[in-house]
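# Descriptive analysis of the structure
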Amino acid sequence: MKQEQSNKPFSISKQLVFSAWKGVKENRGGAGIDGVSIKDYGQSLGGNLYKLWNRMSSGSYFPQSVKLVEIPKKTGGNRPLGIPTVDDRIAQSAVVMCINERLDKAFHENSYAYRTGRNAIGALFTARERCWKYNWVLDMDISKFFDTIDHDLLMVAVKRHIAERWIVLYIERWLKVPYQTVHGELIERTMGVPQGSVIGPVLANLFMHYVFDKWMQIHYPHIPFERYADDTICHCRTKSEAETMKVIIMERLSSCKLSLNEAKTRIVYCKDGNRRERHEQICFDFLGYTFRPRKSKNNKTGQIFTGFLPGISQKSKNHIHDTIRSWQLHRKRDFIELDIQMEASVRGWMSYYGKFNPSILKRTLQALNMLLFDGQFADTSVSKAVSNGHGYG
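Residues numbered from 1 in each chain as written. Predicted model: local features only at pLDDT ≥ 70, side-chain atom pairs only at ≥ 80, totals over all residues. Heavy atoms only, no water.

## Let's talk about the pattern of salt bridges
- A complete count under the given rule lists 11 salt bridges for this structure.
- Between Asp87 and Arg55 there is a salt bridge, and its shortest N-O distance comes to 3.4 Å. Within this pair, whereas Asp87 is found in helix α5 (residues 86–106), its partner Arg55 is found in helix α4 (residues 45–58), the two being separated by 32 residues in sequence.
- On the basis of relative accessibility, which here comes to 17%, the residue Asp87 falls in the buried class.
- The exposure class assigned to Arg55 is partly exposed, which follows from its relative accessible area of 24%. (Salt bridge = Lys/Arg side-chain N within 4 Å of Asp/Glu carboxyl O. Helix = DSSP H or I, 4+ residues; strand = E, 2+ residues; numbered from the N terminus. Buried < 20%, exposed > 50% of the residue type's maximum accessible area, 1.4 Å probe, protein only.)

## A look at the sheet that holds strand β11 (residues 304–312)
- Here we have 3 strands laid out as an open sheet, ordered β9-β10-β11, and antiparallel in their pairing. A single partner strand is all that each edge strand has here, and the edge strands are β9 (284–286) and β11. Looking at each pair of strands side by side, their axes are set apart by 50° on average, direction ignored.
- Sheet topology places β9 next to strand β10 (residues 289–297); 3 bridges connect them, and they run antiparallel. The partner of Phe286 across the bridge, within β10, is Tyr289.
- Along the sheet, helix α12 (residues 314–326) contacts β9, β10 and β11; its crossing angle with β11, the most-contacted strand, is approximately 50°. (Pairing = 2+ DSSP bridges. Axes fitted to C-alpha atoms, helices over the stretch in contact; angles between N-to-C directions. Contact = heavy atoms within 4.5 Å.)

## Structural notes on the nonpolar core
- Ile90 and Ile171 are the most contacted members of the largest nonpolar core, which has 70 residues in total.
- Take this core: its biggest share by element is 11 residues, from helix α10 (residues 200–219).
- If we skip the residues at most four places from it in the chain, Ile171 touches Val95, Met155, Val158, Ile162 and Leu203.
- In this structure, Cys131, Phe284, Ile312 and Leu365 belong to the second largest nonpolar core, which totals 32 residues. (Core = buried A, V, L, I, M, F, W, Y, C linked by side-chain atoms within 4.5 Å.)

## A look at the sheet that holds strand β3 (residues 136–140)
- Pairing in this open sheet of 4 strands is antiparallel, and the strands run β6-β7-β3-β8 from one edge to the other. With one partner strand each, in any of the chains shown, β6 (225–228) and β8 (266–269) form the two edges of the open sheet. Here the strands of the sheet are splayed against their neighbours by 15° on average, with no regard to which way each runs.
- Judged from the 4 bridges that link them, β6 and strand β7 (residues 231–236) form a sheet pairing that is antiparallel. Within β7, the position partnered with Phe225 by the bridge is Cys234.
- Strand contacts of helix α6 (residues 120–133): β3, β6 and β7, with the helix running at about 160° to β6, the strand carrying the most contacts.
- Sheet strands touched by helix α11 (residues 239–255): β3, β7 and β8. Its angle to β3, the strand with the most contacts, is close to 25°.

## Quick notes on the packing of aromatic side chains
- Using the criterion set out here, one finds 19 aromatic pairs in the structure.
- Seen from their ring centres, Trp21 and Tyr41 are 5.5 Å apart, and the 25° between their planes marks the pair as stacked. One end of the pair, Trp21, is in helix α2 (residues 14–27); the other, Tyr41, is in helix α3 (residues 38–43), with 20 residues separating them in the sequence.
- Looking at Tyr41, the relative accessible area reads 4%, which means it is buried.
- Here Tyr289 and Tyr353 contribute two aromatic rings whose centre-to-centre distance is 5.9 Å and whose plane-to-plane angle is 45°, an arrangement assigned as tilted. Within this pair, whereas Tyr289 is found in strand β10, its partner Tyr353 is found in helix α13 (residues 336–353), the two being separated by 64 residues in sequence.
- Owing to a relative accessible area of 8%, Tyr353 belongs among the buried residues under this scheme. (Phe/Tyr/Trp six-rings, centres within 6.5 Å; stacked < 30°, edge-to-face > 60°.)

## Examining α11
- Given a rise of 1.5 Å per residue, 17 residues ought to cover 24 Å, and the 25 Å separating the end C-alpha atoms of α11 matches this to within 8%.
- Listed in full, the buried residues belonging to α11 are Ala242, Met245, Lys246, Ile248, Ile249 and Leu253.
- Elements that come into contact with the buried residues of α11 comprise β3, α10, β7 and β8.
- Two residues or fewer past α11, Lys257 is found with a positive phi of approximately 65°. (Expected span 1.5 Å × (residues − 1).)

Encoded structure:
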């Protein structure tokens, strides 16, 4: 093994490749353009992993085309999703395992996506607290972010943090590999990272670290923000400050070959019972929640007040209703398998959307409970979960 490795231009351990395989297997996912599923791959696991390790170590590894599929967006329309082959997912996972920790140390504290110990709920808690302190929010939407990331600028950032030649080489190859449609058409890629790839989220986070996070830290440290991938809000003290920041950020993004979707980018007044200014926009959506003025009760005094608070958004509620309808409960007779699927979905909804104003979510899920009772499935685990409210808060 040592002699074999010494003849290779790149030093990559077999254990790294095997560990990457275990992660890919656990995350599951569909077959890529070659039609090889995770189950198929595992039937000749030793040989497949050896071939991949050998190609990666020798520099002869070239990724296959990325399978392009369209998935519906919650907000309407479709989102392009790129599905690499199992081989390519393992190779990308090996790279992510090598670079994740060092990149995470460099990232900004207000960056919440794709990081160990940070998540969307953390971003929401921080956003809620800052909306109490700052009267105005700049709610930004970047047009087609993942599809328009500039490769040259991204590679500058990659090379700033990564010295291993094999990692840089394979990242460049992953960026350039074409999409392939279900009809066999090849689509050249000159920008962007595929949504659905293992490496894509890490690269997108690194790109935005230099385009936005680091830049804000240097030039506008007095403007706090929360960023989850490309979903970003900035907190401002005045309307004028928010308007100025919008123009400045638009110019910054343009210089990095990105653009704001002006139709979806808004300046919002965080109105509550004590804020008396008038503004047409007094709510915004962030990570599946709507922030707006809401009645609330002080737990210590019992006093009712109006606060600027998050609650599950209408888009998220619509998505839940659409999912429930897709189960077609009125047609089901054998409920065991569906009950397992439903319970996982419902507990996921309660765990995430029940963190803030859970009564709104509970009203949404009561519709599901009525369907379960009407269909004589009242004693199922999912019905008990909804009734008992497990997972809320």
